[in-house]
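Summary of the model geometry
Next come the chains, spelled out residue by residue.
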Amino acid sequence: MLEVTSLRKSYDSFEFGPVDLEVGDEVLSVLGPSGSGKTTLLSLIAGTIDSDGGTISLNGNRLDGRPLQERRTGLVFQDGALFPHMTARENIEYAATDGDRIETLASLLEITDVLDRRPRTLSGGERQRVALARTLAANPDALLLDEPLSSLDAPIRRRLRGELYSLFESLEIPVIYVTHDQRTATALGDRTVIFRDGTIEQIGSPTTVINRPATPFVAEFTGNENLFDATVVERGEDAVRLRIGDVHLRATKTDAAETAVTVCIHPSRIRVHAPTDGVGTRRENSASGTIDRWLNEGDEYRAEITLDDAPITVTATIRPPHFERLAIDADSSVRISIRPEAIHCLC
Ligand code: ADP
Ligand code: MG
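Residues numbered from 1 in each chain as written. Chains lettered and ligands numbered in written order. Predicted model: local features only at pLDDT ≥ 70, side-chain atom pairs only at ≥ 80, totals over all residues. Heavy atoms only, no water.

Concerning the pattern of salt bridges
Per the stated rule, a full pass over the model turns up 16 salt bridges. Here Asp-181 makes a salt bridge to Arg-161, at a shortest N to O gap of 3.6 Å. Of the two residues, Asp-181 is situated in the loop between strand E8 (175-179) and helix H6 (182-188) and Arg-161 in helix H5 (residues 154-171); the sequence distance between them amounts to 20 residues. Residue classification places Asp-181 among the partly exposed residues on the basis of a relative accessible area of 24%. Classification of Arg-161 as buried rests on a relative accessible area of 15%. Ionic pairing is found between Asp-299 and Arg-183, a salt bridge with its closest N-O pair at 3.1 Å. With a gap of 116 residues between them, Asp-299 in the loop between strand E16 (286-296) and strand E17 (301-307) and Arg-183 in helix H6 connect regions that are remote in the sequence. (Salt bridge = Lys/Arg side-chain N within 4 Å of Asp/Glu carboxyl O. Helix = DSSP H or I, 4+ residues; strand = E, 2+ residues; numbered from the N terminus. Buried < 20%, exposed > 50% of the residue type's maximum accessible area, 1.4 Å probe, protein only.)

Here it is in structure tokens:
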């Protein structure tokens, strides 16, 4: 268990913290814009910089104030930072506490064939895996990764992401994985923490952070541009009725006590139907609208739809086969529908 309490660091123009965190034998992904303090968090835990206050403990032992060699935390950077004059094997041996583990790690990370090569002759993906092997060879009690995949091409990143997931699971130590890429944070994290200006904006499961963001900042940062002002017109036992313009929506119960709320609906949760599709009309929470424009993002289409009965434009993501069936043109009429549980009210 890695525990951080009231951790603080001041720079001339940046205040980090106070930050409180508990990380068990799990992967905590840290997501946040550039300059939000993600690297500072890892550096404070690893001991490459000193904190101005607060405590850090790992498995019950205080780390703060101890030199970095004694902390038993493994830190992996974006560029891997391998020694250029050593082969991959020598790099790993240099850090290893137990020479016997090198072959095991190499086969686990699929770098056995490149062990006798120098870093500059390796591909980006191979270099990152050697860097990870080097860090794991030291048998750390916690693993800290600072955007290790961000310099890699998308296909390699996707493949490594899959491999890392099973690797992290097998380690059974606290893993903190810093990224500014929401997909990586979601794919790898058991929990995700969103940083903003040096403090925690929200922490929760990746699904919670995406579908039930606590603040507009989190919503926008996780790719959710659907934030609308709505009025609560009726509160029931386990549902509320909302109104946006002349569109009435039923949503699951909200803790918000106010009448004026901000409603947040993830673009992937908005279903788009052909106007003639009876299902779209019969569904509750359905509305008609016009497609203003769309963007083909490869794995999905992102469509902007202006509603007929409310002064809002919603963004919906549509899977390619469905998009093609809809035969959408600019100015196409469509119906949208939203399940009540997909409507989230921000307080
Ligand atoms: P992130 O990793 O989220 O991009 P960082 O933790 O690297 O952010 O940096 C957070 C802020 O702290 C930035 O504004 C950065 O300029 C500032 N900062 C980081 N290191 C130093 C330093 N050694 N001296 C002064 N300011 C720093
Ligand atoms: Mg950083």
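Quick notes on the sheet that holds strand E13 (residues 247-252)
What the five strands build is an open sheet, ordered E13-E12-E11-E14-E20; its pairing is antiparallel. Edge positions in the open sheet fall to E13 and strand E20 (344-346), since each of these has one partner strand only. Sheet twist, expressed as the average angle between the axes of neighbouring strands with direction ignored, equals 45°. In terms of strand pairing, strand E12 (residues 239-244) meets E13 through six bridges, oriented antiparallel. Paired with Ala-239 across the two strands is Thr-252, which belongs to E13. (Pairing = 2+ DSSP bridges. Axes fitted to C-alpha atoms, helices over the stretch in contact; angles between N-to-C directions.)

Considerations on the pairing of E12
As paired elements, strand E11 (residues 227-235) and E12 share four bridges and run antiparallel to each other. Among the inter-strand pairings, Arg-235 is bridged to a residue of E12, identified as Val-240. Taking the residues that link successive antiparallel strands as the turn, the E11-E12 hairpin has three residues. The turn linking E12 back onto E13 is made up of two residues, and Gly-245 within it adopts a positive phi angle of 60°.

Topic: the pairing of strand E1 (residues 2-11)
In the sheet, E1 pairs with strand E4 (residues 53-58) via five bridges, with the strands oriented antiparallel. Looking at E4, one finds that Thr-5 is bridged to Thr-55. Sheet topology note: the E1/strand E2 (residues 14-23) ladder contains seven bridges and is antiparallel. Considered in E2, the bridge of Ser-10 is made with Glu-15.

Remember, this is a structural readout, not a statement about activity or role.
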